Amino acid sequence: MCGTLGVGGAQVQAAHLIPKLNREVFDVQVGYYNTESDFPKDILERQGIPLKYFGDEKWSKRRFFCRAIPYFIKEHFDIVHAWFASANHYARLPAIIAQVPVIIGGLRGERGFEGPWPFVYSLMNRFCSGWIVNSRKLKETAEKKMFFISRDSIKIVPNGIELYEGSQRCNQKYPVYDTLRSDRPVVGIIGRLHPVKNHLLFLEMARLLVRKGVTADFWIIGDGEMRKELEQKVSQYGLQKYVTFLGLRRDVDIALTRMDLVVLTSNSESCPNALLEAMNASLPIVSTKCTSLEEIIEEALRIALKVAEALDIAHHYGVVHRDIKPENILFYKGEPEVGDWGIA
């Protein structure tokens, strides 16, 4: 269950992940109750995932529960997973009443702990199986702010992204980005235009750099409630020649091949997809200390060292792997293994 199928890191993550579930094992449905929707909904529909809308043009908690509870009872769900945010309330409560055997909460950022929500979540924890969070830092926060839950029932499942061959994308022509690209370096930021993403800091950075004679192009990918305010700030700072609003994009991986630096200015994040995508594109990153970036780097180094050890052992026996790439790094019980040695 998701609150919305609009554009956001958590929604896009769900849209790409859910269709990968084994349909022979899982009969999957996705419920949502907010009218906002965009290409995450399109992705799910194209993959044949059944969608159930529980909302209304005018939001009413009473009408939502009057629809959700009978539906949960009728469908006899075995598992209900509240993906993130308010779904931890609006999905778990009907699931408890419908006596669903396995009920899982989900957290993808610390904003889920604002206001009275930790207390509300905790009251339902007694009837639920556990939580899935996407970073070690978020698990620690959950352990501090929620009760009626054991540490063992909070599992960490980091975000993942689709891997692609960056060199192949870089060599192809894409008029939108190739026209924008000049002889100046490109600094990009990717995310919803929402206060928590702190794009105002990004524009302040751009203003200071231009004032000091460091000219660059600043690309803003994303859309949202702050767009008008940010556009006004660009005019106020006199940055019209340097800042470009690209809006919502489905080809972020391509845009990254035209960037020289990715910046994250958020006030709060957990495991941001934007940084994972930038790392996959081999781009340098400048980030506020608001994320699990250190965790991500530690894990990347752990995997790299394991792979290096495997290659060192192979070299000791005179075997050389000539095609090291992400697709040939396999995982067994969480540990990396090198595959596709090409040995007949």
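You'll find the structure just up there.
Summary of the structure given here. (Residues numbered from 1 in each chain as written. Predicted model: local features only at pLDDT ≥ 70, side-chain atom pairs only at ≥ 80, totals over all residues. Heavy atoms only, no water.)

So, the nonpolar core
Move 1: Core analysis: the biggest nonpolar cluster contains 22 residues, and Met 1, Tyr 33, Phe 54, Phe 64, Phe 72, Val 80 and Val 100 have the highest contact counts within it.
Move 2: Within the residue set of this core, elements represented by two or more residues are helix H3 (61-75), helix H4 (87-90) and helix H5 (92-97).
Move 3: In terms of residue count, H3 provides more of this core than any other element does, six residues in total.
Move 4: One finds Phe 202, Phe 218, Leu 239 and Val 243 within the second-largest nonpolar core, a separate group that totals 18 residues. (Core = buried A, V, L, I, M, F, W, Y, C linked by side-chain atoms within 4.5 Å. Buried < 20%, exposed > 50% of the residue type's maximum accessible area, 1.4 Å probe, protein only. Helix = DSSP H or I, 4+ residues; strand = E, 2+ residues; numbered from the N terminus.)

Details of the sheet that holds strand E3 (residues 79-81)
Move 1: In space, the four strands of this open sheet follow the order E3-E4-E5-E6, with parallel pairing throughout. The open sheet has two edge strands with one neighbour each: E3 and strand E6 (154-156). Going across the sheet, the axis of each strand differs from the next one's by a mean of 25°, ignoring polarity.
Move 2: Pairing analysis gives four bridges linking strand E4 (residues 102-107) to strand E5 (residues 130-133), with the strands arranged parallel. The residue bridging Ile 104 from the neighbouring strand is Gly 130, located in E5.
Move 3: Contacts between helix H7 (residues 136-145) and the sheet are confined to E4, E5 and E6, with E6 contributing the most and set at about 170° to the helix. (Pairing = 2+ DSSP bridges. Axes fitted to C-alpha atoms, helices over the stretch in contact; angles between N-to-C directions. Contact = heavy atoms within 4.5 Å.)

Overview of the packing of aromatic side chains
Move 1: Under the counting rule described, the total for this entry stands at 20 aromatic pairs.
Move 2: Pairing Phe 54 with Tyr 71 gives two aromatic rings, centres 5.5 Å apart and planes at 75°, and the pair type is edge-to-face. One end of the pair, Phe 54, is in the loop between strand E2 (51-53) and H3; the other, Tyr 71, is in helix H3, with 17 residues separating them in the sequence.
Move 3: Classification of Tyr 71 as buried rests on a relative accessible area of 15%.
Move 4: Measuring from ring centre to ring centre gives 5.5 Å for Phe 72 and Phe 77, while their planes differ by 85°; the resulting arrangement is edge-to-face.
Move 5: Using a relative accessible area of 4% as the deciding quantity, one classes Phe 72 as buried.
Move 6: With a relative accessible area of 18%, Phe 77 lands in the buried category. (Phe/Tyr/Trp six-rings, centres within 6.5 Å; stacked < 30°, edge-to-face > 60°.)

Comments concerning H3
What sets the pattern is the α-helix's 3.6 residues per turn: residues three or four places apart point alike.
Move 1: Spanning 15 residues, H3 covers 21 Å between terminal C-alpha atoms, matching the ideal 21 Å at 1.5 Å per step.
Move 2: A positive backbone phi angle near 55° is found at His 76, which sits one or two residues after H3. (Expected span 1.5 Å × (residues − 1).)

Comments concerning the packing of helix H1 (residues 9-17) against helix H2 (residues 39-46)
Move 1: Packing of H1 against H2 leaves a shortest axis separation of 9 Å and a crossing angle of 10°. The angle between the axes of H1 and H2 places the two elements in the roughly parallel class. The segment H1 lies against H2, with Gln 11, Val 12, Ala 14, Ala 15 and His 16 engaging Phe 39, Pro 40, Ile 43 and Leu 44.
Move 2: When the residues that make up the contact of H1 with H2 are grouped by side-chain class, the tally is seven nonpolar, two polar and no charged. (Parallel < 35°, antiparallel > 145°, perpendicular 65-115°, else oblique. Nonpolar A, V, L, I, M, F, W, Y, C, P; charged D, E, K, R; others polar.)

A look at the pattern of salt bridges
It is possible for side chains of opposite charge to pair when their charged atoms get near one another.
Move 1: Scanning all chains against the criterion turns up 15 salt bridges.
Move 2: A salt bridge links Arg 184 to Asp 217, with the nearest nitrogen and oxygen atoms 2.5 Å apart. Pair noted here: Arg 184 is in the loop between helix H9 (175-180) and strand E7 (186-190) and Asp 217 is in strand E8 (residues 217-221), with a separation of 33 residues, a long-range link.
Move 3: Since its relative accessible area comes to 6%, Asp 217 is described here as buried.
Move 4: Residue Arg 227 is joined to Asp 223 by a salt bridge in which the shortest nitrogen-to-oxygen separation is 3.8 Å.
Move 5: By relative accessible area, which is 32% here, Asp 223 ends up partly exposed.
Move 6: Each of Asp 56, Arg 63 and Arg 67 takes part in salt bridges that share partners, so that together they form one network. (Salt bridge = Lys/Arg side-chain N within 4 Å of Asp/Glu carboxyl O.)

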